[in-house]
Structure formats: C-alpha cells, structure tokens
Amino acid sequence: WSVGCIMGELLGGKPMFPGESTINQLERIVQLTGFPSEEEVKAIKSKFAKSMLSSIEIRKKVLLEDMYPDAPQEALDLLEGLLQFNPEKRLSAEETLKHPYLKQFHNPKDEPTMPNPIKISFDDNKRFTIDEYRKSLYKRIIEKRKEMRRRKKELKKARLAAEASDKEALNRGRRGRK
C-alpha cells in the first residue's frame, strides 16, 4: 500500500490521499478503491475498520486515469495492483518487481527475499496516542541498536579468534618445515 501511495505521489507530484482527518482520508481512499466488500473489511483484521467504514460518506468513484491523465498505462496498472483495499489481493514485493512497468529495474540476481512475512508488532486493535507510538518506536529502535552492537561484537570476537587460529596454524606449519 505504501509503495502505491509513494508511486502515486511521484506520478502526480502531490500526496494521493491528503485527508484532513482519519475519516476524511478513508473517504478519499474508498473513492479510489471503491467501497470494500464484507470479505475485504474482514481481511484488514481490525475491529475499528468496520466502524470507521460505516461512518464514511460514499462519493463518486475516481479513476486512476482521471487522477493521472499523463501516466503510462503500465504505471496505472501497477498502481492499481498496489492499491488494492484487501491486503491479500495487493501485489507482493516480488510481483511488483516483475511488473512490466519496472522491467528495466528488475534484477532477480540482486533482489533478496524474506523467507517469512514481516510482522508488524503494533496491535491494530488497540488505539495508542502519538506519544505512546513514539515512545514504543524509540524503545524498539534502542533495543535493535543494542542487539546490532552485541552481534557486531560477537562477529568481531569470532573473526579475531579465527585470525588467531590461522596465525597459530601458519606458525606450526613454519616450525614443522625447519
């Protein structure tokens, strides 16, 4: 979704969904994607989604072609695949990289993939204040930094041990030739 929003901003030179509030932003999204089916709302996995969607005003659907009249058709096709309301129907990162619009950038030899999906560790079913999100994010960043420093020290220690072992083996080899 976020890649689609960034791409839309690049195509149009401005944010795609500049809402004045969460509800207003959701109205703008639904205006482009169409009102989601019951199945699509369930796929969001948020107890707030249904109540928020029930409070929005349904307007005339906006077409990507009208939003970006100068965009190539392949760009609009990619954008449509990225901006599916249902997360299960959106293009994956791998599918996106294979899309014809991005073929000049596609290099399968240099595109590592994750073996498992990335899990977002914030609970969408719990509301947080901005300050709570910020504190939680800072805490996670600090924890990650500490973990990275610890790993770096372990790798350095292992590398130094391997180098010492190599030197010792080299010295034994020299002694054996004398």
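Coordinates for the structure precede this section.
Residues numbered from 1 in each chain as written. Predicted model: local features only at pLDDT ≥ 70, side-chain atom pairs only at ≥ 80, totals over all residues. Heavy atoms only, no water.

Caption draft 1: Focus on the overall build of the protein chain. Within the protein chain, the regular secondary structure consists of eight helices and zero strands. The secondary structure elements of the protein chain, listed N-terminal to C-terminal, are α-α-α-α-α-α-α-α. At 25 Å, the protein chain has a C-alpha radius of gyration far larger than the 16 Å of a compact globule built from 178 residues. Each of the three principal axes of the protein chain carries a C-alpha extent, and together these read 90 × 40 × 30 Å. Here the protein chain holds 178 residues, and the buried ones make up 22% of them. Here the analysis covers contacts within the protein chain between residues at least 6 apart in sequence; of these, 58% occur between residues at least 24 apart. Each charge sign in the protein chain was given a centre, from 38 positive and 28 negative side chains, and these centres are 13 Å apart. (Helix = DSSP H or I, 4+ residues; strand = E, 2+ residues; numbered from the N terminus. Rg over C-alpha atoms; globule rule 2.2 N^0.38 Å. Buried < 20%, exposed > 50% of the residue type's maximum accessible area, 1.4 Å probe, protein only. Contact = heavy atoms within 4.5 Å. Lys, Arg positive; Asp, Glu negative; His and termini not counted. Charge placed at Lys NZ, Arg CZ, Asp CG, Glu CD.)

Caption draft 2: Highlighting a negative patch on the surface. On the surface, Glu 65, Asp 66, Glu 74, Asp 77 and Glu 80 cluster together into a negatively charged patch. Secondary-structure elements contributing two or more residues to the negative patch are α5 (64-67) and α6 (73-82). Here the negative patch takes three residues from α6, the largest share from any one element. Within the secondary structure, Glu 65 sits in helix α5. For Glu 65, a relative accessible area of 37% translates into the label partly exposed. (Patch = residues over 30% accessible without salt bridge, like charges linked within 9 Å, V, L, I, M, F, W, Y side chains within 5 Å. Areas by Shrake-Rupley, 256 points an atom, 1.4 Å probe, with all protein chains shown as cover. Salt bridge = Lys/Arg side-chain N within 4 Å of Asp/Glu carboxyl O.)

Caption draft 3: Just the packing of aromatic side chains, in detail. Evaluation of the coordinates by the stated rule reveals one aromatic pair. When the centroid spacing of 5.9 Å and the interplanar angle of 15 degrees are considered together, the rings of Trp 1 and Phe 17 count as stacked. Highlighted residues: Trp 1 in the segment before α1 (2-12) and Phe 17 in the loop between α1 and α2 (22-33), separated in sequence by 16 residues. Take Phe 17: its relative accessible area is 7%, and that puts it in the buried class. (Phe/Tyr/Trp six-rings, centres within 6.5 Å; stacked < 30°, edge-to-face > 60°.)

Caption draft 4: Looking closely at the packing of α1 against α6. In the contact formed by α1 and α6, the axes pass within 8 Å of each other and the chain directions differ by 145 degrees. Between α1 and α6 lies a crossing of left-handed hand. Of the residues in α6, those in contact with Val 3, Gly 4, Met 7, Gly 8 and Leu 11 of α1 are Ala 75, Leu 78, Leu 79 and Leu 82. Taken together, the residues that form the contact of α1 with α6 break down as seven nonpolar, two polar and no charged. (Axes fitted to C-alpha atoms, helices over the stretch in contact; angles between N-to-C directions. Left-handed = near helix turned anticlockwise from the far one by under 90°. Nonpolar A, V, L, I, M, F, W, Y, C, P; charged D, E, K, R; others polar.)

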